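# Structural features, examined
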Amino acid sequence: MDARPVALSWRPVDRPAAWGLALAIARTALLAAVYVTAAKAAFALAFVHTSIAPIWPPSGIALAAVLLFGRRAVPGVLLGAFLFNASTPVPLWVSAAMGIGNTTEAVVGAWLLHRAGFRREIDRVRDVLALVGLGALVSTAISASVGVGSLWLSGILPDTQVRVGWAIWWFGDAAGMLTVAPLLLLASTRRHWRRPEPARVLEAAALAATLGLIVQAGLTERVTRPFLVFPALVWAAVRFRQAGAALASLFVTSVVVWLTLHDRGPFDDPSPTQSLLLTQAATGAVMATSLALAAQTVQRELAAQTLGRREHQLAEAHAQAELSRRLQNGLLPVLSLHDPALRLRTRYQPGQRRALLGADFYDALELPDGTVATLIGDVAGHGPDEAAVGVALRAAWRGLVLSGHGPRGLLDGLDKVLVSNRPSEEVFTTVCCTWISPDRTRVTVAPAGHHPPLLVSGGRVRVEELPEGPALGILDHGYEWEARTLEVGDGWTLLCYTDGLVEGLRAPDSVDRFGTDGLVETVT
């Protein structure tokens, strides 16, 4: 007798994996139970055969489940559809075929809606049109074809009832998608439920009572006035949006179908088949119209809210623009001199369209003795804070010039004004101050970290060497700035500028800066 070794091993089950498997089984079982329960409820309205009903809520449940959970919902839908059909007097292979058809219908419908950009809030008319066209009319043809074809092949459904059975199956699944699916999808989007206001509860109760009275008064065998329900449906769609439209449409549809099956109601006809098809067509139109009206109402509300926000933003932009305009006027005033022999030209151009508020500034003053003092400066940064600093420096410069301060005292005073007014320690400012003598033959230049001006004289363009000094706000204990007086003679031009003029690129595709040399070449 041969002896063989036997090895026994034990490995603990991975708890996260086991928990995920248990959760998947529970989800599948719950979805299947909901599907079977809804199918049993629709069983009371079965027509032609026990598996064909004029209203089929399970189609809406299946579509909503696949839209919300994706592939994870497929086993539950398939199991629920098979179990229900297996409970009816049909062979198991027919039950399996019907289950596959119902599941394929939901999967294809969800795929088509995803491709169409469908949103489960159903807050756009295009979402309603996609649900009606791609979901309720296109995908339902799959289930109707598979189900009716299986019944016909098994010999249960005679040839004379194939067309009728297919049409009723098709309309029944479409009705389920248009009423049940929106309710489930909307419920999934309400993540933070709030207690409804008492007034809304009273209005909902009044709507339900009104709808019940109208249905009883307008859809009986004695008085058939189906148009009486439309005001209540409009009320439900406008005031309670998609949920109200779906609930009201489901109620009216159920009542009308029940009356038709009992040879009563507005669509009663000697031919039961004709009556039911007419009922399904009319109720389908009611459902689609109610949902579209609700979506249109939501779209208008969203548009009104967006318009309100845009108006508020526009008002803020206007206020900001007015502030920017005032600050810009404080930085770039309109200058004029009394001496006709000395012409002053200024130009300000933003570096780009819709640029932020700049902080470049300039000014000029003509003193009583005929001396003309000028200022040009640039606060580091862009925005209202930096612009306000520039305005403060310009105002301080005027006071210092009019009080007779020379270059060193003036720059030291501007440095103190900057330190006390800047929004942060990182903000600094470059300035270039000039004093033009009364006889216009000499110009005294005092720069503080600024680009030296260009002097055009005697047919030549040159950059004069000037004392180098730091920008304002750089050093903690100030600095003894120096100045230089240039002998310019008669017929000269002095070009003062900020760094934006020379720090740009030479060409759009170039990596070389324009620089001072490029400026000299251009002016020449």
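Summary of the structure given here. Computed from a predicted model, the values in this text were never measured in an experiment. (Residues numbered from 1 in each chain as written. Predicted model: local features only at pLDDT ≥ 70, side-chain atom pairs only at ≥ 80, totals over all residues. Heavy atoms only, no water.)

The next point concerns the packing of helix H2 (residues 57-69) against helix H4 (residues 92-115). Two elements in contact, H2 and H4, have axes whose closest approach is 8 Å; the angle formed by their N-to-C orientations is 55°. For the element pair H2 / H4, the angle class is oblique. Crossing geometry of H2 relative to H4 is assigned as right-handed. Taking contact as the criterion, the partners of Ser59, Ala62, Leu63, Val66 and Leu67 in H2 are, on H4, Glu105, Ala106, Val107, Gly109, Ala110, Leu113 and His114. Across the contact of H2 with H4, the residue classes break down as 8 nonpolar, 3 polar and 1 charged. (Axes fitted to C-alpha atoms, helices over the stretch in contact; angles between N-to-C directions. Helix = DSSP H or I, 4+ residues; strand = E, 2+ residues; numbered from the N terminus. Parallel < 35°, antiparallel > 145°, perpendicular 65-115°, else oblique. Left-handed = near helix turned anticlockwise from the far one by under 90°. Contact = heavy atoms within 4.5 Å. Nonpolar A, V, L, I, M, F, W, Y, C, P; charged D, E, K, R; others polar.)

Here the focus is the nonpolar core. Nonpolar side chains in soluble globular proteins tend to be buried together. Membership of the largest hydrophobic core comes to 44 residues, with the highest contact counts inside it found for Trp56, Leu63, Leu67, Leu113, Phe118 and Leu131. If you list the elements that add at least two residues to this core, you get helix H1 (15-43), H2, helix H3 (74-86), H4, helix H5 (125-153), helix H6 (162-189), helix H8 (229-261) and helix H9 (272-331). Setting aside residues no more than four positions away along its own chain, leucine 67 makes contact with Ala110, Leu113, His114, Phe118 and Leu185. (Core = buried A, V, L, I, M, F, W, Y, C linked by side-chain atoms within 4.5 Å. Buried < 20%, exposed > 50% of the residue type's maximum accessible area, 1.4 Å probe, protein only.)

Turning to a nonpolar patch on the surface, a few remarks are in order. Nonpolar side chains collect at one region of the surface, where Phe428, Ile474, Leu475 and Tyr479 lie side by side and expose about 340 Å² of accessible area between them. Following the sequence through the fold, tyrosine 479 ends up in the loop between strand S6 (460-463) and strand S7 (484-487). By relative accessible area, tyrosine 479 is classed as partly exposed at 35%. (Patch = residues over 30% accessible without salt bridge, like charges linked within 9 Å, V, L, I, M, F, W, Y side chains within 5 Å. Areas by Shrake-Rupley, 256 points an atom, 1.4 Å probe, with all protein chains shown as cover. Salt bridge = Lys/Arg side-chain N within 4 Å of Asp/Glu carboxyl O.)

What is expected of a backbone is that most residues other than glycine have negative phi and most peptide bonds are trans. Look at isoleucine 122: it is not a glycine, yet its phi comes out positive at around 50°. As for its placement among the helices and strands, isoleucine 122 is situated in the loop between H4 and H5. Owing to a relative accessible area of 0%, isoleucine 122 belongs among the buried residues under this scheme. Positive phi values are uncommon outside glycine, yet arginine 440 reaches one of about 65°. Along the chain, arginine 440 falls in the loop between strand S3 (429-436) and strand S4 (442-448).

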